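Chains, contacts and geometry: an overview
Residue-level listing of the chains:
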Amino acid sequence: MHSHIIGFPRLGAKRNIKWPLEKYWRGQIDEGQLHRSLSELRQQHWQLQKNAELSMITVGDFAYYDQTLELSELLGVVPARHRDAGDRLARCFAMARGGAGGRACQMKKWFNTNYHYLVPEFDADTSFAAPAADVGMPPDAALQVREAAELGLPVKATLIGPVSYLYLGKMGVAGGFAAEKLALVEKLADAYAALAARIGKADWLQLEEPVLSLDMPDAWLAAMSDIYRRIEKDATAKLLIANSYGSAGARLEKVADLPVAGVHVDVVYGRSDLASADRLFAGRVLSAGAIDGRNIWRANLGALQQHLAPLAERDGGLWIGSSCSMQHVPHSCASETDLIAAGVPVAFAVEKLAEIGALSRKLAGSSTAADEALFSSAPTNIPVANPEWIDSQMPAGDLNPSRRSLKPGMDGVMFPTTTIGSLPQTSEIRSARASWRKGELDDAGYEKCMREEIRNCISRQEEIGLDVLVHGECERNDMVEYFAHQLDGIAASENGWVISYGSRATRPPIIHGTIKRRQPMTVEWSKYAAGLTDRPMKGMLTGPVTIICWSFPRADVPKMRTAFEIADALHEEVRDLQEAGLAVIQVDEPALREGLPLLVEDQKAYLAQAVASFNRICADIEAQIHTHMCYSEFFDIVEGIAAMDADVISLETSRSKMEELADLKQARHAGGVGPGVYDVHSPRVPDVEEMVTLLKMALKNVPAERMWVNPDCGLKTRGWTETEKSLRNMVAAARQLRTSLS
Ligand code: GLN
Ligand code: ZN
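A brief look at the structure comes next. (Residues numbered from 1 in each chain as written. Chains lettered and ligands numbered in written order. Predicted model: local features only at pLDDT ≥ 70, side-chain atom pairs only at ≥ 80, totals over all residues. Heavy atoms only, no water.)

1. Re the overall build of the protein chain
To be explicit about the condition: Segments assigned H or I by DSSP are reported as helices when at least four residues long, segments assigned E as strands when at least two residues long, and all are numbered from the N terminus. C-alpha atoms define the radius of gyration, and 2.2 Å times the number of residues to the power 0.38 defines the globule rule. Contacts: residue pairs with any heavy atoms within 4.5 Å of one another. Here the Shrake-Rupley method, with its probe set to 1.4 Å, supplies the accessible areas, and only the displayed protein chains count as covering residues. His is not counted here, nor are the chain ends, while Lys and Arg score as positive and Asp and Glu score as negative. Throughout, a charge is located at the NZ atom of Lys, the CZ atom of Arg, the CG atom of Asp or the CD atom of Glu.
In terms of regular secondary structure, the protein chain is built from 27 helices and 22 strands. The C-alpha radius of gyration computed for the protein chain amounts to 26 Å, which stays within 12% of the reference 27 Å derived for 742 residues, consistent with globular compactness. For the protein chain, the C-alpha atoms occupy an extent of roughly 75 × 55 × 50 Å along the three principal directions. Put simply, of all contacts in the protein chain between residues at least 6 apart along the chain, 77% involve residues at least 24 apart. In the form shown here, the protein chain has an accessible surface area of approximately 28600 Å², with 50% of it arising from carbon and sulfur atoms. Considering the protein chain, the positive charge centre built from 80 side chains and the negative charge centre built from 96 side chains are found 2 Å apart.

So, in structure tokens, the structure goes:
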């Protein structure tokens, strides 16, 4: 019986990857120093696998910025604009961050996680080449295999699989068609075969193919067969094909025809794959991804042992592993003393290594005393994923409460102007918060400082001439963390950092109990702000789906049950805001699209429940309810958006030139719409004409009475100088339309 992981979080115990990378970008260390510190970090992570007595070390999972990006560079898939950026490292960073050659490659969410990968850019002429010599940097596994072999353990090299790599890329500037991409498969097969041929002394080569969790067109499955045959011919190691993030379902039958020596299935999020993989891979290795690689709960080891025991003696062998790469969980919970003392059963990556080792030894009948201790202390209330408990735990309740009558506009004002909520978080705000957290500034001092800031935000907005004002969200460091601190049932971790992209890490809160509001969370700030002006003030909340998507959810209840609990807490907050005199309240749901399940068959139920959770917040509320969404593809959720009980929705639309609005109209969305008229990601000040043009385009699909005018998203990362200019131009654009249309 083997024990292994799909991948380890590269971040390190103290966000070790972040500091050398950022120093290198600032020119404070040179390339040699960067390579050395990251190589050291890799070695530490292998040592941890060795200490946990896993039977194989996984190498090739490490990346400097992103695995997909670095694989692109390795294969020579570098957009023309970045080819002259310099050496390997320089090319990678130019693709990741933009450079002299132009814009960075696009970032997208990696399957249903919050990790962002860099989208490979292909065109019909793309060629792929594996380097002939060591490049000395991941993901070229040859060097790492040699380094790891020195630890004296069997090595498994890993690479993103060829089909997933191709599938996740985009064709040409316009996105292109899957079929054209598929035509590249032969060229890619040769390059992968060459990579596989120079892996060196690894016993196994793991090819990660999480696209198996998606509804893949048949043509892609057929291509998979060709490409794996080609790779197998040249490979020196045995091939393990690995699925993660869900069930491979019927696609496993096709996988079974491939010339691979084993298969890894995700037993946590695709439980039914275990039995089918056992049958289809009889005589070959079956790796059970039993330990959750993307959530932070300790495993119910006893239940897993029972579940897996019948397979322990199977022909071909059983391996125990993580469900997916553990890069989605933090490094170790060594500093989480508060959480652990509170009885929250957390296990981060290092602790999960111990669980994997213990489970495999238990199944093999070779437990150590430490393994036994882990078994006997394991929580038993954390279910092994089981589809049946989902239905039984959903709260009853109407998924379609009767709609309120919508108030899509603003009385007496055409094209009302507003912002999405946050205004520039100046360095004074951030340093006040830092001193408050350190205890150098007391509560009263902090509050005074925030009130001054709010006052400042309001007078600036009045001067700019905006119609519906916001308080500016200066008291919020993060739109989810702010609420996590104030709700029962959610806790922040001490050191639970995970990489979101590049060197950027976030610390998702942990939802561990029933969510309840202790007391009003935002009312004092909003009420104070409303009292400073005669114009309408907008209260500002974060919606349930977004809170869940950007946290670690419970594993013992369905996510959507938690969403309903959060919705009920937010409903109380909305009622209090309304009572405090706020006539407009916005509930942001930027992550609504992110929560969409991978398989089409699961999407409808998700959307219905997500919409129902939103509508619970608005039930019986008189105030005008706004919502906001951004930076995702709205097309798949547009029916849901139309069914939300929001009076007004603001959307990020400036970069797509208002394309989304036609879909909204098609879906019979009846509320107000605030299409974003400028991109908030750059300090560029858009001119009036440009915004008027966009609004005129929007008018093709949104009637003037329901049109609002706002930027694409919140302005917290911007400076005041450009913000004031941009907003003044935005107000001028709205006024121009008012006059020309009246
Ligand atoms: N109200 C939030 C803000 O303005 C919305 C942020 C978001 O959409 N991600 O910052
Ligand atoms: Zn936004």
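Resuming the write-up.
2. Focus: the packing of helix α26 (residues 688–699) against helix α27 (residues 720–741)
The criterion, for reference: Think of each axis as a best-fit line through the C-alpha atoms, taken over the contacting stretch in the case of a helix, with angles from 0 to 180 degrees between the N-to-C directions. The cut-offs work like this: below 35 degrees is roughly parallel, past 145 is roughly antiparallel, 65 to 115 is roughly perpendicular, and the gaps in between are oblique. Crossing handedness is read from the near helix: turned anticlockwise from the far helix by less than a right angle, it gives a left-handed crossing, and turned clockwise, a right-handed one. For this classification, Asp, Glu, Lys and Arg are treated as charged, while Ala, Val, Leu, Ile, Met, Phe, Trp, Tyr, Cys and Pro are nonpolar and the rest, including Gly, are polar.
The contact between α26 and α27 brings their axes to 8 Å, and the two run at 50°. Relative to α27, the element α26 is oriented oblique. Crossing geometry of α26 relative to α27 is assigned as right-handed. Where α26 approaches α27, its residues V688, E689, M691, V692, L695, K696 and L699 are matched on the opposing element by S726, N729, M730, A732, A733, Q736, L737 and L741. When its residues are assigned to classes, the contact of α26 with α27 shows ten nonpolar, three polar and two charged.

3. Describing the sheet that holds strand β22 (residues 672–675)
Definition in use: Pairs of strands are assigned from DSSP output, requiring at least two bridges between the strands.
Pairing is parallel across the open sheet formed by six strands, whose spatial order is β13-β18-β19-β20-β21-β22. A strand with exactly one partner marks an edge of an open sheet, and here the two such strands are β13 (469–470) and β22. Of the strand pairs in this sheet, strand β18 (residues 537–542) and strand β19 (residues 584–588) are connected by five bridges, and their pairing is parallel. For K538, the partnering residue across the bridge sits in β19 and is V584. Each of β18, β19 and β20 (624–629) is contacted by helix α22 (residues 559–579), which is oriented at about 170° to β18, the strand it contacts most.

4. Comments concerning the coordination of the zinc ion (ligand 2)
Rules: In this description, a donor is an N, O or S atom within 2.8 Å of the metal centre, a cutoff extended to 3.2 Å for sodium, potassium and calcium. Water is not part of the atom list, which can make sites seem incomplete. By the criteria applied here, four donors are tetrahedral when all angles lie between 85 and 135 degrees, four are square planar and six octahedral when opposite donors are over 155 degrees apart and every other angle lies between 65 and 115, and any other arrangement is irregular. Accessible area is worked out with a 1.4 Å probe on protein chains only. A residue is then buried under 20% of its type maximum, exposed over 50%, and partly exposed in between.
Distances from the zinc ion (ligand 2) to its protein donors, H628 (NE2), C630 (SG) and C713 (SG), fall at 2.1 to 2.3 Å. Note that the zinc ion (ligand 2) binds four donor atoms; their angles at the metal cover 94 to 124°, and the shape is tetrahedral. When the donor residues of the zinc ion (ligand 2) are listed from N- to C-terminus, their spacing reads H-x1-C-x82-C. With respect to burial, H628 and C630 carry one shared label: buried.

5. Regarding the layout of surface pockets
Threshold: In this analysis the probe radius is 1.4 Å and the grid spacing 1 Å, with only protein atoms considered; a cavity is a set of points the probe fits into but cannot get out of, a pocket is an open set with protein on both sides within 12 Å along at least five of seven lines, and lining residues have an atom within 4 Å of a point. Grid points are joined across faces, edges and corners, and a volume is the space filled by probe spheres set on the points.
The volume enclosed by the second largest pocket comes to roughly 610 Å³. Forming the walls of the second largest pocket are 23 residues, and the residues nearest its centre are W436, Y482, Q486, M521 and W525. Of all elements in the fold, only α17 (427–438), α18 (443–464), α19 (481–484) and α20 (523–530) reach the threshold of two or more residues within the lining of the second largest pocket. With four residues, the single largest contributor to the lining of the second largest pocket is α18.

6. Examining the environment of S55
We count it as follows: Here a polar contact is recorded for every N or O atom pair within 3.5 Å, except that within protein the pair must consist of a potential hydrogen donor and a potential acceptor, and residues adjacent in sequence are included only if both atoms are side-chain atoms.
Summarising the element assignment, S55 is placed in the loop between α2 (31–51) and β2 (57–59). Sequence spacing of S55 and L34 is 21 residues, and the spatial spacing of their C-alpha atoms is 30 Å. Those residues in contact with S55 that sit more than four places away from it in its chain are M1, H2, S3 and P154. Here the side chain of S55 touches H2 through a polar contact of 2.7 Å, side chain to side chain.

7. Comments concerning the pairing of β19
For clarity, the cut-off: Viewed with both strands pointing away, a crossover whose connecting path from the first strand over the helix to the second turns clockwise is right-handed.
The buried fraction of β19 amounts to five of the five residues, a majority that puts the element mostly inside the structure. With five bridges joining them, β19 and β20 adopt parallel strand pairing. Residue pairing across strands places D588 opposite H628, the latter belonging to β20. Traced from β19 through helix α23 (residues 600–618) to β20, the parallel crossover comes out right-handed.

8. Re helix α8 (residues 185–197)
The line we're drawing: Take the residue count of a helix, subtract one, and multiply by 1.5 Å to get its expected span.
The end-to-end C-alpha distance of α8 is 18 Å, a good match for the 18 Å that 13 residues give at a rise of 1.5 Å each. Where α8 is concerned, the buried positions are V185, L188, A189, A191, Y192, A193, L195 and A196.

9. Thoughts on the sheet that holds strand β6 (residues 155–160)
Spatial strand order, β1-β12-β11-β10-β9-β8-β6-β2: eight strands in an open sheet with parallel pairing. A single partner strand is all that each edge strand has here, and the edge strands are β1 (2–3) and β2. Examined bridge by bridge, strand β9 (residues 238–242) and strand β10 (residues 262–266) share three bridges and lie parallel to one another. Paired with A242 across the two strands is H264, which belongs to β10.

10. Points about the side chain of D292
Applicable threshold: Every case where a carboxyl oxygen of Asp or Glu lies within 4 Å of a side-chain nitrogen of Lys or Arg is listed as a salt bridge.
Along the chain, D292 turns up in the loop between β11 (285–291) and α12 (301–308). Although buried, D292 forms no salt bridge, and the nearest oppositely charged side chain, K352, lies 5.5 Å from it. Within the local environment of D292, its side chain forms a polar contact with the side chain of Y269, the two groups lying 2.6 Å apart. A distance of 3.0 Å separates a polar side-chain atom of D292 from the backbone nitrogen of R294. If we skip the residues at most four places from it in the chain, D292 touches V268, Y269, S323 and K352.

11. Examining empty space enclosed by the protein
A complete count under the given rule lists four cavities of 30 Å³ or more for this structure. Taken as a whole, the largest cavity holds about 150 Å³ of empty space. Contributing to the lining of the largest cavity are 16 residues, with G60, D61, Q67, I160 and E208 lying nearest its centre. Those elements giving two or more residues to the lining of the largest cavity turn out to be α3 (67–75) and β6. A breakdown of the residues in the lining of the largest cavity according to their chemical character gives seven nonpolar, seven polar and two charged. Within this model, the second largest cavity holds a volume of roughly 60 Å³. Lining of the second largest cavity is provided by F8, P9, R10, R42, H45, W46, Q49, D61 and F62. In the lining of the second largest cavity, the residues fall into four nonpolar, two polar and three charged.

12. Considering the site of ligand 1
Selection rule: Here a residue is considered near a molecule or strand provided that any single heavy atom belonging to it is located within 4 Å of it.
Taken together, I420, G421, S422, E473, M479, D588, P590, H628, C630, C713 and G714 make up the full set of residues adjacent to ligand 1. Separating a nitrogen atom of ligand 1 from a backbone N or O atom of I420 is a distance of 3.1 Å. Taking E473, its side chain carries an N or O atom lying 2.9 Å from a nitrogen atom of ligand 1. For the shell around ligand 1, the class distribution of residues is five nonpolar, four polar and two charged.

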